[in-house]
Amino acid sequence: MQTVFPPHSPALLPVVGSAQTYPVRRVYCVGRNYAAHAREMGSDPNREPPFFFCKPGDADAVIAIPAGQTGGIAYPSATQDLHHEIELVVALGKGGSDIPVDQAAGHIYGYAVGLDLTRRDLQGQMKAQGRPWEIGKAFDQSAPVGPITPRQPDAPPMTGAIALTVDGALRQQGRLEQMIWSVDETIARLSTLFALKPGDLIFTGTPDGVGALTRGQVLHGSIDGLAPLQVRIV
Ligand code: MN
């Protein structure tokens with residue numbers, strides 16, 4: 001049976017050390033998963049637990065940035081306040097529902113450095129009105145992701161530094177151990193809400209230091225042990 005137009009192809013992420021690519025299905029994101037970022041966004045991490053939102057998983061939203069390249073990301077329409085959020089991205093290799101925390105790690109295919117780009121002004125307006133966040137979070141090119149580094153079998157949870165520089169100046173800096181929900185807890189919780197599948201990405205939240213971007217700036221995101229991510233806002 002022919003389709004009425006060519007079917008859309010998924011975003012394909014390069015895999016470190018492999019000729020194969022990783023086809024993306026969905027993008028789940030954790031909000032306020034680092035206490036210092038929750039505070040800078042005006043909430044109390046002791047009273048409000050992290051939460052989930054989504055971005056599209058298609059190749060217009062998820063932009064694969066190959067190793068060693070500086071990917072061009074268009075400054076989006078309808079905002080005067082595009083913000084960077086550097087995040088650890090977990091790529092699932094195995095799906096499931098109601099995954100126990102102690103089995104969650106076995107569902108991970110690998111890890112990458114990603115940016116949860118945000119129209120902060122629009123997100124703020126939607127928050128104030130109690131409306132959905134999509135116009136602030138789910139726009140085209142809102143999710144640049146670097147190459148996936150496969151997880152080794154029986155590897156311990158990821159630890160180490162996560163950082164973002166803009167034109168060489170340090171903007172965000174934290175440690176993965178500072179997450180409020182660990183990666184394993186996040187997978188377990190998410191799997192009670194959605195049936196997870198291979199190809200699902202989870203953006204695990206950003207440390208503090210989020211801020212505005214302008215055209216021409218170069219962002220360099222790094223996480224210990226992973227291929228770095230570099231993009232230029234154009
Ligand atoms: Mn985020």
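Residues numbered from 1 in each chain as written. Predicted model: local features only at pLDDT ≥ 70, side-chain atom pairs only at ≥ 80, totals over all residues. Heavy atoms only, no water.

**Here we look at the coordination of the manganese ion**
Operational definition: Sites may look incomplete, because water is not among the atoms used; the donor set itself consists of N, O and S atoms within 2.8 Å of the metal (3.2 Å for Na, K and Ca). Secondary structure follows DSSP: runs of H or I at least 4 residues long count as helices, runs of E at least 2 residues long count as strands, and numbering of each begins at the N terminus.
Distances from the manganese ion to its protein donors, Glu85 (OE), Glu87 (OE) and Asp116 (OD), fall within 2.0 to 2.1 Å. Donor residues for the manganese ion sit on one chain with the sequence pattern E-x1-E-x28-D. Within this pair, whereas Glu85 is found in the loop between strand 7 (82-84) and strand 8 (86-92), its partner Asp116 is found in the loop between strand 9 (108-115) and strand 10 (118-119), the two being separated by 31 residues in sequence.

**Topic: the nonpolar core**
The following threshold applies: Throughout, nonpolar core names a set of buried Ala, Val, Leu, Ile, Met, Phe, Trp, Tyr and Cys residues whose side chains join them through atoms within 4.5 Å. Remark: exposure states derive from per-residue accessible area (1.4 Å probe, protein chains only) relative to the maximum for the residue type, with buried under 20%, exposed over 50%, and partly exposed in between. The contact criterion used throughout is that any non-hydrogen atoms of two residues lie within 4.5 Å.
Within the largest apolar cluster, 56 residues are counted, with the highest numbers of intra-cluster contacts made by Tyr22, Val62, Leu88, Val90, Ile187 and Leu201. In terms of residues, this core owes the most to one element, strand 8, which gives six residues. Leaving out residues up to four positions away in the same chain, Ile187 has contacts with Val90, Leu92, Ile99, Ala104, Ile108, Leu196 and Ile202.

**Concerning the pattern of salt bridges**
Under the convention used in this document: We define a salt bridge as a side-chain nitrogen of Lys or Arg found within 4 Å of a carboxyl oxygen belonging to Asp or Glu.
Tallying each qualifying case throughout the model produces eight salt bridges. Across the pair Glu177 and Arg175 runs a salt bridge, and its minimum N-O distance is 3.0 Å. We classify Glu177 as partly exposed; its relative accessible area is 42%. Counted as one network, the salt bridges with shared partners bring together Lys55, Glu85, Asp116, Arg120 and Lys137.

**Regarding the pairing of strand 14 (residues 169-175)**
Worth spelling out the cut-off: Paired strands are those between which DSSP finds at least two bridges.
In terms of strand pairing, strand 13 (residues 161-166) meets strand 14 through six bridges, oriented antiparallel. Bridge assignment links Thr165 to a residue of strand 14, and that residue is Leu170. The antiparallel pairing of strand 13 with strand 14 creates a hairpin that spans two residues between the two strands, and Asp167 there sits at a positive phi of about 50°.

**Things to note about the sheet that holds strand 10**
Reading across the sheet, the three strands line up as 10-7-16 and stay open at both edges, with antiparallel pairing between neighbours. Two strands lie at the open edges of the sheet, namely strand 10 and strand 16 (211-212), each paired on one side alone. In this sheet, strand 10 lies alongside strand 7 in antiparallel orientation, the contact comprising two bridges. The partner of Leu82 across the bridge, within strand 10, is Arg119.

**Description of the side chain of Asn33**
Rules: Polar contacts here mean pairs of N or O atoms no more than 3.5 Å apart (in protein, one a potential hydrogen donor and the other a potential acceptor; neighbouring residues in sequence count only if both atoms are side-chain atoms).
One can find Asn33 in the loop between strand 3 (27-31) and helix 1 (35-40). On the basis of relative accessibility, which here comes to 0%, the residue Asn33 falls in the buried class. Here Trp181 takes part through its backbone nitrogen, which lies 2.7 Å from a polar atom of the side chain of Asn33. Those residues in contact with Asn33 that sit more than four places away from it in its chain are Pro50, Gln178, Met179, Ile180, Trp181, Thr186, Thr204 and Gly205.

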